[in-house]
Amino acid sequence: MLVRVLAVAGSRQEIQEIARFLARSEVLITGAENEQQMWRRLGSETFDMVVLTLSAISHPAPSIVEQIRELPDRPDVVALGEPRDSEERASYLSAGCLAFLDTGMSGRVFGQALRSLIERRREERPTQLELAPAVEPIRLASFASNSPAMQRFLAIAHRTVQTDSTLLIRGETGVGKEWLARAIHAESLRSNGPFIAINCAALSESLLESELFGHQKGAFTGASQSRRGHFELAHGGTIFLDEIAELPSHLQAKLLRVLEERRIQAIGSERSIEVDVRVMAATNRDLEDAIREKQFRLDLYYRLNVVSLTVPPLRERREDIPTLAEYFIENLRRRVPHEIVGIHSDVMDALSEHTWPGNVRELFNALERAVMLCRENVIQVADLPFRVDERAGVSSSLTGLARPAWCDLSWPAARRTLLEEAERTYFTRLLEEEDGRVGEVAERAGIDPRSLYDKMRRLGLRKEDFRRSLARRARRPGQTGSAS
Ligand SMILES: Nc1ncnc2c1ncn2[C@@H]1O[C@H](COP(=O)(O)OP(=O)(O)OP(=O)(O)O)[C@@H](O)[C@H]1O
Ligand SMILES: [Mg+2]
């Protein structure tokens, strides 16, 4: 992450002097030559630290320190000056100053002190990074790879670890594109830096722009506070742009510029800042198709497709299913009160034969459900969801003549099962009726698109699978191309 420092000093030279001591790639310095400028900057941008030269502001300064500390980001304040006596120094510290540095100290010591204070802030600052799921580092070496397809794939993936090149990760839904991106990041030279993921399909266009690049206070209606973009938060690490094919066209142009110049400009800001970020993008759509349909820019495609990795679907790596299943059950059994010692060999056969359209995610969901429903300490075929059971011709109907399996469950477990079936039916129906348009479905369902995405992901529903009639409509004469 970039640490933003506001240097307040009486002249441009003094500001430059402070900036010289802090000249490091992870520090972004802004100057203010008087109190008025300082408040203007603090009002429109976010800062982590204010280096306050006391001679540049009017007194009483301790109350100014208190006001700065009350700002939403609670910037640290480092006072620079010559206190009259130890009492004055104490009054700054009790007002919330992190440190009081004497202007008389040597440049070297002063620089060191400032740098270590900044480092502390960088380590301690609770950032929006915590929004990213806290997963333990994933390693490429721990990927299940009994199948030739996965062995071939991992051999190529390993070669991308030590480079800094932009990666395009492709593959069907649920194959583990994000899982792979996290593994590559965790083993790369940037592993100490953040991994920031953003889903380009789950946000509205205007929100997405601000999430990616940030905005300044007042940049648009509702921007009551400035906000850092994900690119800035990912400074020193990796940004993962999920569902890149869904990026609206004007943001495609903006992203292209960012990839070319390695600089970002927040909405409403007059200046651009340099960011050091490795970009990984992922998609489960055919980008070449999107380019032909003029939905995706060819020049952006070239920029992203420096190295491309395609994660094989689960049905092409069946040899990995038992290892993955055991790994998931090992993790899941700790979550249930009853003891689970393993799975019946019929279950493993059923798992190995299923086609897994939702890939690894579907396998995980199937096993999660099985572990929850399991009444004995070995998982049985009957515990598998209907989508796996279908192979054996077992009825999945909740209302069929046969006595439903959920009658044997506790009511909370039965309710969860029924709710999931109902959710699947409900959202499948709406997606069919709206030709896969997530915005419309979310509106009809009365939920926001982001939660709809989460639900679809959990249920293994892909909007592409509902797009047929949309494609038909796009092909209608007069609606494609432009004669003007
Ligand atoms: N090799 C693996 N080992 C263990 N778990 C995995 C592996 N690959 C994927 N998973 C699990 O499968 C789920 C789906 O993975 P992930 O979210 O990375 O898929 P994806 O390809 O990004 O899907 P989508 O296209 O829907 O975004 C995750 O919850 C992850 O825990
Ligand atoms: Mg994903």
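Definitions and cut-offs
Residues numbered from 1 in each chain as written. Chains lettered and ligands numbered in written order. Predicted model: local features only at pLDDT ≥ 70, side-chain atom pairs only at ≥ 80, totals over all residues. Heavy atoms only, no water. Core = buried A, V, L, I, M, F, W, Y, C linked by side-chain atoms within 4.5 Å. Buried < 20%, exposed > 50% of the residue type's maximum accessible area, 1.4 Å probe, protein only. Helix = DSSP H or I, 4+ residues; strand = E, 2+ residues; numbered from the N terminus. Contact = heavy atoms within 4.5 Å. Near = heavy atom within 4 Å. Polar contact = N/O pair within 3.5 Å; in protein donor to acceptor, adjacent residues only side chain to side chain. Areas by Shrake-Rupley, 256 points an atom, 1.4 Å probe, with all protein chains shown as cover. Nonpolar A, V, L, I, M, F, W, Y, C, P; charged D, E, K, R; others polar. Pairing = 2+ DSSP bridges. Phe/Tyr/Trp six-rings, centres within 6.5 Å; stacked < 30°, edge-to-face > 60°. Axes fitted to C-alpha atoms, helices over the stretch in contact; angles between N-to-C directions. Parallel < 35°, antiparallel > 145°, perpendicular 65-115°, else oblique. Left-handed = near helix turned anticlockwise from the far one by under 90°.

A. Layout of the nonpolar core. Core analysis: the largest hydrophobic core is formed by 37 residues, its most contacted members being Phe-231, Leu-241, Ile-244 and Phe-296. Looking at which element gives the most residues to this core, the answer is helix 10 (residues 249-261), with five residues. The contact partners of Ile-244, leaving out residues within four places of it in the chain, are Leu-168, Cys-200, Leu-255, Ala-281, Ala-282, Thr-283, Phe-296 and Leu-304. By size, the runner-up hydrophobic cluster in this structure holds 24 residues, among which are Ile-321, Leu-332, Leu-351 and Cys-374.

B. Spotlight on the site of ligand 1. Taken together, 17 residues surround ligand 1, and among them Thr-173, Gly-174, Lys-177, Glu-178 and Trp-179 come closest. Trp-179 is positioned with one of its backbone polar atoms (N or O) 2.9 Å from an oxygen atom of ligand 1. Relative to its unbound accessible area of 630 Å², ligand 1 is 87% covered by the protein chains. Sorting the residues of the shell around ligand 1 by element identifies helix 7 (177-187), helix 13 (321-332) and helix 15 (359-373) as the ones contributing at least two each. Of the residues belonging to the shell around ligand 1, the class tally is seven nonpolar, four polar and six charged.

C. Inspection of the side chain of Glu-434 at higher detail. Counting through the fold element by element, Glu-434 comes out in the loop between helix 17 (411-433) and helix 18 (438-445). The class for Glu-434 is buried, based on a relative accessible area of 13%. Aside from chain neighbours lying at most four places away, what touches Glu-434 is Glu-440, Val-441 and Arg-444.

D. Quick peek at the pairing of strand 13 (residues 278-283). Among the six residues that make up strand 13, six are buried, leaving the element largely enclosed by the rest of the structure. Burial along strand 13 is two-sided: the face carrying Arg-278, Met-280 and Ala-282 and the face carrying Val-279, Ala-281 and Thr-283 are both buried. Where strand 6 (residues 167-170) and strand 13 come together, four bridges link them in parallel fashion. Bridging across to strand 13, Ile-169 finds its partner in Ala-282. Of the pairings in the sheet, the one linking strand 10 (residues 238-242) to strand 13 comprises four bridges and is parallel in character.

E. Layout of the environment of Asp-346. Along the polypeptide, Asp-346 turns up in helix 14 (residues 345-353). Judged by its relative accessible area of 39%, Asp-346 is partly exposed. For the pair Asp-346 and Ile-379, spaced 33 residues apart in the sequence, the C-alpha separation amounts to 9.6 Å.

F. Examining the packing of aromatic side chains more closely. In the structure shown here, the tally under the stated rule is seven aromatic pairs. On the basis of an interplanar angle of 55 degrees and a centroid distance of 5.6 Å, the ring pair of Tyr-327 and Phe-328 is categorised as tilted. Assessed through its relative accessible area of 10%, Phe-328 is described here as buried. Taken together, the ring pairs in this structure connect Tyr-327, Phe-328 and Phe-364 into an aromatic cluster.

G. Seen up close, the sheet that holds strand 6. The five strands lie next to each other as 7-10-13-6-14, forming an open sheet whose pairing is parallel. Looking at the sheet topology across the chains shown, the edges are occupied by strand 7 (195-199) and strand 14 (307-310). Ignoring which end each strand starts from, the neighbouring axes of this sheet average 20 degrees apart. Pairing geometry for strand 7 and strand 10, over five bridges, is parallel. In the strand pairing of strand 10, Phe-195 is matched with Thr-238.

H. View of the packing of helix 2 (residues 35-44) against helix 3 (residues 61-69). Axis separation between helix 2 and helix 3 bottoms out at 12 Å; the angle between their running directions is 15 degrees. One way to sum up the angle between helix 2 and helix 3 is to call them roughly parallel. Between helix 2 and helix 3 lies a crossing whose hand is left-handed. On the side of helix 2, the interface is formed by Glu-35, Met-38, Trp-39 and Leu-42, while helix 3 contributes Ile-64, Gln-67 and Ile-68. Its residues placed into classes, the contact of helix 2 with helix 3 shows five nonpolar, one polar and one charged.

So, to be careful, I would describe these as geometric facts and stop short of saying anything about function.
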